[in-house]
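# Structural characterization, general
The primary structure of each chain is shown beneath.
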Amino acid sequence: MNILSILVSLVVWSTILCTTWADPQDAARFRRLGEEAMLKKNYQESVNLFTQLIAVSPVSSSYFKRATVYFRQGNYPACVEDLNHALQLTHSTQDGERMLLQRAQARLHLGQCTLAAKDASTIQTTQAREVAQKANECASILTKMSRYVRAHGLSTADARGDMKKLYALPAP
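As the structure is a computational prediction, the values presented were derived from the model and not from experiment.

The next thing to look at is the confidence of the model for the chain. Residues shown with low pLDDT carry predicted positions that ought not to be read at fine detail. With 77% of its residues at a pLDDT of 70 or more, the chain shows a mean pLDDT of 80. In this model residues 10-21 is a low-confidence stretch, pLDDT under 50, and it forms one contact with partners more than four residues away in sequence or in other chains. The low-confidence segment residues 166-172, where pLDDT is below 50, has 10 contacts with residues more than four positions distant or belonging to other chains.

Here it is as structure tokens:
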């Protein structure tokens, strides 16, 4: 065995031991402080605390907490990434529906209309139906915009700059 493989083994084992032997009080403290920071709209501190929470308690609720902060910050790509992790780890239908709804809303902000509609359509709540409706409207607008761009030989950048005007135009 060379020195590099010994060092790698030590790092792996120390990571396993630290995660396995994490103090449950640390998780509770990071969760409480992160929630307090989020309520005070100190989002960066909240993200840091929830990141520490994930390090000691990598469960779906930890990822969901940080995803919520990312959503409030407008950091939708990070929100979707954390929600993907949370959904893989969750075993609760109710939590899964809340996560899917938030992911649908984040995807809608990212312009991922089809994916947002797919997420929202699996949930049977009034709020989810509203998100699905908005996502479908978004997809319709993008389709109309795409047709208009092709019909008039415009670049996508030109079309994006005047999307409201394009939406009102009839499809060619």
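Before going further, it helps to examine the packing of aromatic side chains. Counted under the stated rule, the structure contains one aromatic pair. Relative to Tyr 76, the ring of Phe 71 has its centre 5.3 Å away and its plane inclined at 70°; by these criteria the two rings are edge-to-face. Taking the relative accessible area as the measure of exposure, Tyr 76 reaches 17% and is therefore buried.

So, on to the side chain of Ser 62. The topology assignment puts Ser 62 in helix 4 (residues 60-73). Residues in contact with Ser 62, not counting those within four places in the same chain, are Arg 31, Leu 53, Ile 54 and Ser 57.

You will see that Lys 41, though not glycine, has its phi angle at about 60°, which is positive. Taking the relative accessible area as the measure of exposure, Lys 41 reaches 61% and is therefore exposed.

A few words now on the pattern of salt bridges. For the structure shown, the criterion picks out seven salt bridges. The residue Arg 66 makes a salt bridge to Asp 82 at a minimum N-O spacing of 2.6 Å. Of this pair, Arg 66 sits in helix 4 while Asp 82 sits in helix 5 (residues 76-89), placing them 16 residues apart in sequence. Judged on exposure class, the residue Arg 66 and its partner Asp 82 are both buried. Three or more residues joined by partner-sharing salt bridges are found here, namely Arg 103, Arg 107 and Asp 119.

Val 69, Cys 79, Leu 83 and Ala 106 are the most contacted members of the largest nonpolar core, which totals 24 residues. Residue assignment for this core shows that the elements contributing at least two residues are helix 2 (24-39), helix 3 (43-56), helix 4, helix 5 and helix 6 (93-109). Excluding residues within four positions of it along the chain, Val 69 makes contact with Met 38, Tyr 43, Ser 46, Val 47 and Phe 50. Ala 120, Ile 123, Val 131 and Ala 132 belong to the second largest nonpolar core, which has eight residues in total.

Every buried residue of helix 7 (residues 113-121) is listed here: Cys 113, Ala 116, Ala 117, Asp 119 and Ala 120. Seen end-on, helix 7 carries its buried residues on one side only, within an arc spanning 165°. Within helix 7, the exposed residues directed more than 90 degrees away from the buried face are Thr 114 and Lys 118. Here the buried face of helix 7 lies against helix 6 and helix 8 (126-152).

Taken N-terminus to C-terminus, the directions of helix 7 and helix 8 make an angle of 155°; their axes are 8 Å apart at the nearest point. Viewed along their axes, helix 7 and helix 8 adopt a mutual orientation that is roughly antiparallel. In the packing of helix 7 onto helix 8, the handedness of the crossing is left-handed. Along the contact surface, helix 7 presents Cys 113, Ala 116, Ala 117, Ala 120 and Ser 121, while helix 8 presents Ala 128, Val 131, Ala 132, Ala 135, Asn 136, Cys 138, Ala 139 and Leu 142. Considered class by class, the residues forming the contact of helix 7 with helix 8 number 11 nonpolar, two polar and no charged.

Calculation rules
- Per chain, residue numbering runs from 1 following the sequence as it is written.
- Local features in a predicted model are, by the rule used here, given only for residues with pLDDT of at least 70; side-chain atom pairs are given and counted only at 80 or more, and totals for whole chains, interfaces and linings are based on all residues.
- Hydrogens and water are ignored here; the side-chain numbers use all heavy atoms of the structure.
- Within a predicted model, pLDDT stands for the predictor's per-residue confidence, ranging from 0 to 100.
- By the convention used here, residues are in contact when the closest approach between their heavy atoms is within 4.5 Å.
- Classification of ring pairs rests on two measures: the distance between centres of Phe, Tyr or Trp rings, Trp counted by its six-membered ring, which must be within 6.5 Å, and the angle between planes, read as stacked under 30 degrees, edge-to-face over 60 and tilted in between.
- Exposed residues in this analysis have more than 50% of their type's maximum accessible area, buried residues have under 20%, and partly exposed residues fall in between, with area computed by a 1.4 Å probe over protein chains only.
- Helix and strand assignments follow DSSP, with helices taken as H or I runs no shorter than four residues and strands as E runs no shorter than two, numbered in order from the N terminus.
- Basic side-chain nitrogens of Lys or Arg form a salt bridge, by our definition, when they fall within 4 Å of a carboxyl oxygen of Asp or Glu.
- Put simply, buried Ala, Val, Leu, Ile, Met, Phe, Trp, Tyr and Cys residues joined by side-chain atoms within 4.5 Å make one nonpolar core.
- By construction, the arc corresponds to the directions joining the helix axis to the C-beta atoms.
- Here, axes are lines fitted to C-alpha atoms. For helices the fit covers the stretch in contact, and angles between N-to-C directions go from 0 to 180 degrees.
- Any angle that falls under 35 degrees is termed roughly parallel, while one over 145 is termed roughly antiparallel, one within 65 to 115 roughly perpendicular, and all others oblique.
- Helix crossings get a hand from a simple test, with the near helix turned counterclockwise from the far one by less than a right angle marking a left-handed crossing and a clockwise turn marking a right-handed one.
- Residue polarity follows a fixed list, in which Ala, Val, Leu, Ile, Met, Phe, Trp, Tyr, Cys and Pro are nonpolar, Asp, Glu, Lys and Arg are charged, and the others, Gly among them, are polar.

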